[in-house]
Amino acid sequence: MIRQNPPSYTKGCQALDGITKQALDTARNRLLMIGALFLVTFTVIGARLIGLTMMHDGHEPRLVQATELGTLKRERADILDRNGILLATSLRTHWLYAHPQQILDIDEAVDKLKSVLPNLEEKLARSRLASDRSFVWIYRHLTPRQKYTVNSLGILGLDFQNEEKRIYPHRNLTAHVLGFSGNDHHGLAGVEHFMNKELRSSSEPIRLSLDIRVQSILHEELSRAHQHHQAIGSAGLMMDARNGEVLALVSLPDFDPNNPRNRDGEAFFNRATLGVYEMGSTFKIFTAAMALESGTVGLDGGYDATEPIGMGHDAISDYHPQGRWLSVPEILIHSSNIGAAKMASDVGTTGQRAFLGKLGLLSPASIELPEVGKPLVPSPWSELNTMTVAYGHGLAISPVQLATGAAAMVNGGILYPATLFPRVPKETGKDERPPETGEPGSRVLSPEISEQVRRLMRVVVAKGTGKRAKVNGYLVGGKTGTAEKLVDGDYSAKALLSSFVSAFPMTAPRYVLFVMLDEPKGTEKTNGYATGGWVAAPVARRVISRTGPLLGILPIDEGAPEVQRKMFVDVAPRGPSRVSY
Amino acid sequence: MIRPMTLACLVLLAIFGFGLFKIQHEVQIMEAELTRLHGNILNDQEAIHALNADWSYLNRPRQLQKLNTKFLGFTPFSAERITTIKALPMRHDPASSKQTTGENKSLEQGLTSPSSHDVRQALLTGDASEKDASPASLAINTGGAP
């Protein structure tokens, strides 16, 4: 534009008249204004360009974001044990289907398939391929290797569909805890059912409080006793006494969750949480704790157990009758029903009901499983009930309830509802917390009484019916239970429910273990006995001796004076003069 | 007539056009490669997932125990074999024992029986004399001064 202005402009201006000059001036002014406008605009654009390229994100938009790496989307999240061991996962498998019209030679195809899929049902496959449908399923859940070999057969008309299959690597071991899920990826039992929503919505694995090592040991030892005594069922669970975390939970018979068949069968019944039983003498710990807590009797008191208590046409009698006055420790050592009944009778029905209610024995357990049994509570709760419940008859509860209650008896008196999920982060979980701190539980017993109950449970193992649960170094305490089962409305001496509830080490209990066998038969090894002390206590002994070192519990020298003092119980009866009627 | 400026612009246009095409082509190739790699990663993740399940299956505690009985023969250890460092008798330091012998002695006597204490003391004291010391002389040397 500037070039177009003739250089002779100033020279020739004299030759121009006023009007032309004025027009040129106007044009020049306008030109200047437009030029200025352009200058400003380009300056702004330039500045913006510099700003955008140098000051701001100068680089290309991140392509990585555009084609982000997809994660594996699964129908269900994994389940891990407390140490991160895989307990349940979903694996991709392939389902084989066919378009029958495209199959050239059915016999050849079936023969070839049979050679690589030995489980193929030939007849069914043949009839399906011969049908005039356009689509038939041939085989479910092929492994990647099987898919490869089928592909290499080169049969026309076959194809695959990806499907997911739920895999439980530990098979029967975790059956009753994990449950199983169906082909439609919905949990049908156990944690799989209880946590169905969480497992399906997130791909984050769920961590349980279960310890697969402990679970395996408990399962193995319980199975051995279960078979040896030909029990119709068995249950066992181990629990952290200081926070209610369940480390192992076994119910026998069990099933393989990878292939759950006959779902209504006995094997699918979770005896540890769904089954409710009249537990028998293990209840005497609760009775003793209740009596000591209410102050109706002291550790040095006792009751006369000479005569059976007659109640209508029934009579409460002892299994090992001593025929004399018994101190409180003796009532537990000899497992005296008469003593326990009198103890509870002194506390009274209201007190007993309130105490057992506080322990959560009158309402279903809060454990995270769909299979939770409702306790059978006597109604109305009569004076007779008070006496029978004292030694575990007339009130049926599940093993998990009993273990939860027992944990509260020994851990300083705080009830932590049983849980299958870790309550404390792993890092702080291993420290030596005193029993009183930790998770907020509810106080059901004073620490002093809990301490006395610990002594009582220890003396039962040291001198009483629980002798066969002794493990050197782990200071086991416990209580045996042998309940006669109701058969056709009558208690039968033949059908027993034998159990043992224990805790260790008794100076500061870390774990509670409950073992129960339903209708065990006595063997030569047990001199024909099938009582709790003979069949369940040895299981506890073996489990504790194997898991103790695993769980990092420092062995305790039982002979050490300090330990002896801590566990001291004056067993000797002082005679009826001290009877606290 | 094409002016030099226009010519320059055309040349630049051709260069940039070609450059842009080249880069876009390369990006396309790289994106294809990226997609392939992502696919591979997913496949590997899938494989790792399956192998994890396999690993868990092969590590069933029962199975490990079976293999142990077959090949190793390890047995569980008993509680008696676990103790704390504190519960162990203290190691006797010959250099510092001159000043603290009395102290150490009383401390150690509380932990070990007198006879074993003596033998231990003898074994620990004076490493120079240890080489030519006969078992008899060790037994006589009842500790204290090195």
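The rules we used
Residues numbered from 1 in each chain as written. Chains lettered and ligands numbered in written order. Predicted model: local features only at pLDDT ≥ 70, side-chain atom pairs only at ≥ 80, totals over all residues. Helix = DSSP H or I, 4+ residues; strand = E, 2+ residues; numbered from the N terminus. Buried ≥ 20, exposed ≤ 12 C-beta atoms within 10 Å, placed from the backbone. Contact = placed C-beta atoms within 7 Å. Core = buried A, V, L, I, M, F, W, Y, C linked by C-beta atoms within 7 Å. Domains from an automatic or database assignment. Arc of directions from axis to C-beta. Axes fitted to C-alpha atoms, helices over the stretch in contact; angles between N-to-C directions. Left-handed = near helix turned anticlockwise from the far one by under 90°. Nonpolar A, V, L, I, M, F, W, Y, C, P; charged D, E, K, R; others polar. Pairing = 2+ DSSP bridges. Parallel < 35°, antiparallel > 145°, perpendicular 65-115°, else oblique. pLDDT = per-residue confidence, 0-100.

Of the regular secondary structure elements, chain A holds 20 helices and 18 strands. Scored against the burial criterion, the 581 residues of chain A give a buried share of 44%. Counted over contacts in chain A with a minimum sequence separation of 6, partners at least 24 positions apart contribute 72%.

Okay, the overall build of chain B next. When you go through chain B residue by residue, the secondary structure sums to six helices and zero strands. Starting at the N terminus and walking to the C terminus, you meet the elements of chain B as α-α-α-α-α-α. Looking at the 146 residues of chain B, the share that counts as buried comes to 5%. For chain B, contacts bridging at least 24 residues in sequence account for 31% of all contacts bridging at least 6.

Let us look at the nonpolar core. Residue and element names in this part refer to chain A. Ranked by size, the top nonpolar core spans 130 residues in total, and within it Leu-237, Met-239, Ala-403 and Val-512 carry the most contacts. When residues are assigned to domains, this core turns out to be shared by domain 1 (79-208) and domain 2 (216-255 + 274-578), each giving three or more. Apart from residues no more than four positions distant in its own chain, Ala-403 is found in contact with Leu-237, Met-239, Ala-418, Val-501, Val-512 and Phe-514. Within the second largest apolar cluster, 12 residues are counted, among which are Ala-109, Ala-125, Tyr-139 and Leu-158.

Residues and elements named next belong to chain A. Taken as a whole, chain A is organised into domain 1 (79-208) and domain 2 (216-255 + 274-578). A separation of 45 Å is found between the C-alpha centroids of domain 1 and domain 2. On the domain 2 side, the residues contacting the 13 residues of domain 1 number 13 residues. Elements with a contribution of two residues or more to the side of domain 1 that touches domain 2: α7 (175-178) and α8 (190-194).

A separate point is helix α4 (residues 106-116) of chain A. Residue and element names in this part refer to chain A. Every buried residue of α4 is accounted for by Ala-109, Val-110 and Leu-113. Here the buried residues of α4 occupy an arc of 95° about the axis, which is enough to place them on one side. With respect to the buried face of α4, the exposed residues turned more than 90 degrees away are Asp-107, Glu-108, Asp-111 and Ser-115. The elements touched by buried residues of α4 are α5 (122-130) and α6 (144-153).

Residue and element names in this part refer to chain A. Their axes nearest at 10 Å, the elements α4 and α5 cross at an angle of 145°. In this structure, the crossing between α4 and α5 has a hand that is right-handed. Two secondary-structure elements touch here, α4 through Ile-106, Ala-109, Val-110, Leu-113 and Lys-114 and α5 through Glu-122, Ala-125, Arg-126, Leu-129 and Ala-130. Counted by class, the contact of α4 with α5 contains seven nonpolar, no polar and three charged residues.

Contacts between chain B and chain A engage 24 residues on the former and 24 residues on the latter. For the side of chain B that touches chain A, the secondary-structure elements that each account for two or more residues are α1 (4-58) and α2 (61-72) of chain B. The element best represented in the side of chain B that touches chain A is α1 of chain B, accounting for 14 residues. Of the residues in the side of chain B that touches chain A, the class split is 11 nonpolar, eight polar and five charged.

The side chains of a regular strand alternate between both faces of the sheet. Residue and element names in this part refer to chain A. Taken across its eight residues, strand β6 (residues 233-240) has eight buried, putting it largely inside the fold. Bridging between β6 and strand β18 (residues 511-518) involves eight bridges; their strand directions are antiparallel. Bridge pairing in β18 links Leu-237 to Phe-514. Strand direction decides the pairing type here: β6 and strand β7 (residues 246-252), joined by six bridges, are antiparallel. Bridge pairing in β7 places Ala-235 opposite Ser-251. In sequence, β6 turns back onto β7 through a hairpin of five residues, with Gly-244 there showing a positive phi of about 80°.

A separate point is the sheet that holds strand β16 (residues 477-487) of chain A. Residues and elements named next belong to chain A. The strand order across the open sheet built from five strands is β7-β6-β18-β17-β16, with neighbouring strands paired in antiparallel fashion. Each end of this open sheet is capped by a strand with a single partner; those strands are β7 and β16. Within this sheet the neighbouring strands show an average axis-to-axis angle of 10°, counted without direction. Strand contacts of helix α19 (residues 532-550): β16, β17 (490-504) and β18, with the helix running at about 25° to β17, the strand carrying the most contacts.

Below, the discussion takes up unusual backbone geometry. All names here are of chain A. Looking along the chain, the bond that leaves Leu-252 and enters Pro-253 is cis, with omega of -5°. By the element assignment, Pro-253 lies in the loop between β7 and β8 (277-278). Pro-505 follows Phe-504 through a cis peptide bond whose omega is -20°. Relative to the helices and strands, Pro-505 resides in the loop between β17 and β18. Even without a glycine there, the phi angle at His-141 is positive, about 55°. For His-141, the position within the fold is in strand β3 (residues 136-142). Its 14 C-beta neighbours within 10 Å are what place His-141 among the partly exposed residues. Of note in this structure, His-185 is not a glycine but carries a positive phi near 65°. Locating His-185 in the fold gives a position in the loop between α7 and α8. What makes His-185 partly exposed here is the crowd of 18 C-beta atoms within 10 Å.

Bringing the environment of Pro-520 of chain A into the picture now. All names here are of chain A. Residue position: Pro-520 is located in the loop between β18 and α19. A tally of 29 C-beta atoms within 10 Å means that Pro-520 is categorised as buried. Note: C-alpha distance between Pro-520 and Ala-483 (37 residues apart in sequence) is 12 Å. In this structure Pro-520 touches His-229, Ala-231, Leu-496, Ser-498, Ala-530 and Val-535, once residues within four positions along its chain are discounted.

Residues and elements named next belong to chain A. One way to put it is that helix α13 (residues 337-347) packs onto helix α15 (residues 383-390) with a least axis distance of 7 Å and a crossing angle of 130°. Taken together, the axis directions place α13 and α15 in an arrangement best described as oblique. Where α13 crosses over α15, the handedness of that crossing is right-handed. Side by side, α13 and α15 meet where Ala-340, Ala-341, Met-343, Ala-344 and Ser-345 of the first sit next to Thr-386, Met-387, Val-389 and Ala-390 of the second. Across the contact of α13 with α15, the residue classes break down as seven nonpolar, two polar and no charged.

Before going further, it helps to examine the confidence of the model for chain B. Residues and elements named next belong to chain B. Of all residues in chain B, 62% attain a pLDDT of 70 or more, and the chain-wide mean is 71. The model gives residues 99-146 a pLDDT under 50, and that stretch makes 37 contacts with residues more than four places away or in other chains. On the interface metric, ipTM, the complex scores 0.74, and its pTM is 0.77.

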